Amino acid sequence: MSVPFTETKAPESPERLNRGALSLIDISASTMANIGPAYSFFFSFAFIVVTAGIAAPLTIIAAGVAIALLANTLAQFSRVQPSTGGFITFVGKTFGGTSAVTTALLCGAGYIIAISSVLVVSGGFLSIMLQYYLGWNVPWIIFSVLLTAGAMVMMFRGVGVSTKLAGFFFGFEMLILVIVAVVTLIKNGGHLSVAPFEPHHITNGFSGLAAGFPLAIYLFIGWENSAALAEETNNPRRNVPRAVFMSVGLMTVTYLLLAYSTVSGFRDNGTALASAPIPFITVAHGSIAALAFFAYLAGMTSTLGVLISAVNSQCRLIFNAGREGLLPRWIGKVHPTRLTPVNAIITFIAIASVIIAGWALGHLIGGSTGSLSALNFFAESGTMGTILVLVVYFLANLALPFYYRKYRPEEFNVIKHLILPVLGMAAIAVPVYYLCKPGQSNPYDWFPYAALAIVVLAVIYAITLVKRDPGLGDRVGSIVADE
């Protein structure tokens with residue numbers, strides 16, 4: 001008996017993106033632009049030093065290993081089920097329609113909350129830069145609106161154009177970061193030591209390393225970017241896994257170089273480093289004053305690269321969910337000539353803008369207008385979004401062994417498909433604990449409860465939707481990227 005048509009059912013002829021438009025280099029550059037080494041490192045490293053001390057590079061190594069475990073899960077799925085839906089498809093294909101809708105909502109909520117921090121800090125960083133060099137005092141919200149609008153125009157034009165622009169921004173920031181780091185190491189050559197890599201220099205031992213672990217994980221957020229670009233990538237079964245591992249490996253090495261040079265630039269003085277607003281720029285000033293200007297530019301281009309590449313990738317997750325009927329169908333429409341997910345891009349940015357407006361209104365009503373800074377919102381929204389994204393990572397790792405045992409039992413490998421994903425779940429448990437443990441300051445103390453409420457509402461909505469449309473589970477993963 002056929003399932004009656006419902007408003008959520010995907011159309012007979014699914015909307016398709018511009019298949020084969022991207023190469024391995026394109027998606028690798030987009031992934032690393034999404035990670036945004038300058039953007040992430042500038043605003044996070046001082047906090048990692050607060051928790052771990054001058055041995056903060058060891059925290060980054062631990063985070064790199066944890067992300068590599070997650071990368072294995074993404075790679076194993078992408079080799080056999082390349083999909084624009086990414087984690088949503090992988091979890092839903094394994095556990096059914098209810099899990100797919102739940103994951104779609106958690107993905108959407110987590111990434112949109114996190115991207116709102118990028119929208120804000122793009123304008124905030126430009127405002128800081130102009131204030132420092134020109135003395136201009138322009139509210140960050142103006143720059144945020146202008147930069148976001150410009151980024152949306154580029155994304156509407158096509159995935160090839162916007163991805164290459166993000167890749168250009170990434171190339172520029174990497175060049176500047178490496179130059180500043182090397183110059184700093186040369187200038188401090190007489191004071192270099194292995195202290196940043198000695199475990200006994202970690203503040204409070206393992207607890208100090210673990211406390212900084214969530215922030216170190218945040219440095220890598222965006223590593224999964226290439227999976228959502230699978231449909232527009234040539235040979236996605238091969239190129240997506242390659243892009244994932246290349247990006248994680250290169251970013252781990254880059255962060256270690258930046259961390260070591262920054263600690264060395266402060267002469268192993270963790271207190272001074274932790275109190276600096278943006279330690280890397282302080283180090284650049286101390287090395288060669290002119291380098292500080294280029295470091296600011298690297299931070300600016302990094303932020304723009306993150307904005308373009310993150311929205312490009314993450315909006316495709318909700319686009320695919322709309323195309324398959326997990327979310328409203330109109331989200332899954334593409335532009336008729338440019339083949340870009342215009343509705344998903346607009347939805348993504350619009351909801352993020354509402355979150356920003358709600359945050360600002362909450363501060364105004366609460367009388368705490370002094371904390372209406374871009375950097376403050378970056379920390380708050382980034383933390384809240386990360387909690388939900390980590391839940392999705394956990395579900396994907398949980399799904400991997402079940403997927404291979406169910407669909408590809410002849411290929412099941414105990415190490416790749418069981419041990420590594422279990423270790424990945426254990427690695428995720430550490431940042432989740434430290435992000436959710438009691439005793440945190442406001443508003444971080446209520447973020448775990450907000451995340452739990454979102455999970456519960458997502459499950460309720462998913463159960464209701466699947467009851468209304470029983471065929472939904474069969475459509476999950478039905479649109480394979482290279483078919």
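Definitions and cut-offs
Residues numbered from 1 in each chain as written. Predicted model: local features only at pLDDT ≥ 70, side-chain atom pairs only at ≥ 80, totals over all residues. Heavy atoms only, no water. pLDDT = per-residue confidence, 0-100. Helix = DSSP H or I, 4+ residues; strand = E, 2+ residues; numbered from the N terminus. Contact = heavy atoms within 4.5 Å. Phe/Tyr/Trp six-rings, centres within 6.5 Å; stacked < 30°, edge-to-face > 60°. Buried < 20%, exposed > 50% of the residue type's maximum accessible area, 1.4 Å probe, protein only. Salt bridge = Lys/Arg side-chain N within 4 Å of Asp/Glu carboxyl O. Expected span 1.5 Å × (residues − 1). Bend = angle between axes of the 7 residues up to and from the residue. Polar contact = N/O pair within 3.5 Å; in protein donor to acceptor, adjacent residues only side chain to side chain. Patch = residues over 30% accessible without salt bridge, like charges linked within 9 Å, V, L, I, M, F, W, Y side chains within 5 Å. Areas by Shrake-Rupley, 256 points an atom, 1.4 Å probe, with all protein chains shown as cover.

### Re the confidence of the model for the protein
Low pLDDT means the predicted atomic positions in that stretch should not be read closely. Per-residue pLDDT for the protein has a mean of 90; in total, 95% of the residues score no lower than 70. Averaged pLDDT values over the elements of the protein bottom out at 83 in helix H18 (residues 472-475) and peak at 96 in helix H10 (residues 236-265). In the model, residues 1-13 has pLDDT below 50 throughout and makes 25 contacts with residues more than four positions away in sequence or in other chains.

### Side note on the packing of aromatic side chains
Within this structure, the stated rule accounts for 32 aromatic pairs. Plain terms: the ring middles of Tyr39 and Phe378 are 5.4 Å apart, the flat faces sit at 90° to each other, and that makes the pair edge-to-face. You can see Tyr39 sitting in helix H2 (residues 37-52) and its partner Phe378 sitting in helix H15 (residues 374-407), a full 339 residues away along the chain. Accessibility expressed as a relative area gives 3% for Tyr39, which makes it buried. Judged by relative accessible area, which is 6%, Phe378 ranks as buried. For the pair Phe43 and Phe378, a centre-to-centre distance of 5.4 Å together with 55° between the ring planes defines the contact as tilted. Residue Phe43 is found in helix H2, and its partner Phe378 is found in helix H15; the two are separated by 335 residues along the sequence.

### Observations regarding the pattern of salt bridges
Considering all chains together, one arrives at seven salt bridges under this definition. One salt bridge in this structure joins Lys333 and Glu15, with 3.8 Å as the shortest N-O distance. Taken together, the positions of Lys333 in the loop between helix H13 (289-323) and helix H14 (342-366) and Glu15 in the segment before helix H1 (24-35) put the pair 318 residues apart, joining distant regions of the chain. Since its relative accessible area comes to 36%, Lys333 is described here as partly exposed. For the salt bridge of Arg475 with Asp469, the shortest nitrogen-to-oxygen distance reads 2.9 Å.

### Some points on the environment of Met300
Within the secondary structure layout, Met300 lies in helix H13. Judged by its relative accessible area of 9%, Met300 falls in the buried class. The residues touching Met300, leaving out its near neighbours within four places in the chain, are Ser122, Phe125, Leu126 and Leu147.

### Side note on H13
If you check H13, its first and last C-alpha atoms are 52 Å apart, about what 35 residues at 1.5 Å a residue would give, namely 51 Å. Extensive coverage of H13 is indicated by the burial of 30 of its 35 residues.

### With respect to helix H16 (residues 414-436)
One turn of an α-helix holds 3.6 residues; hence residues three or four places apart share an orientation. Look at H16: 32 Å from first C-alpha to last across 23 residues, which is about the 33 Å you get at 1.5 Å a residue. Taking the largest bend as the criterion, H16 deviates by roughly 25°, centred on Leu420, and proline Pro421 comes between one and four positions later. Those residues of H16 lying buried are His417, Pro421, Gly424, Met425, Ala427, Ile428, Pro431, Tyr434 and Leu435. Against helix H3 (56-80), helix H8 (205-218), H15 and helix H17 (447-468) lie the buried residues of H16. The opening residue of H16, the one whose side-chain oxygen lies 2.9 Å from the backbone nitrogen of Ile415, is Asn413.

### A few points about a nonpolar patch on the surface
A contiguous nonpolar patch, built from Tyr132, Tyr133, Leu134, Trp136, Phe293 and Phe294 and spanning about 600 Å² of accessible area, is present on the exposed surface. Among the elements that take part in the nonpolar patch, helix H5 (residues 97-134) stands out by supplying three residues, more than any other. Residue classification places Phe294 among the partly exposed positions, given a relative accessible area of 37%.

### A closer look at unusual backbone geometry
Here the bond from Asn442 into Pro443 is cis, since omega is 5°, no more than 30 degrees from zero. Inspection of the secondary structure assignment puts Pro443 in the loop between H16 and H17. The residue Asp268 is not glycine, and still its phi comes out positive at about 60°. Along the chain, Asp268 turns up in the loop between H10 and helix H11 (270-275). In this structure, Leu339 takes a positive phi of about 55° despite not being glycine. Counting through the fold element by element, Leu339 comes out in the loop between H13 and H14. Leu339 sits in the partly exposed class, given a relative accessible area of 26%.

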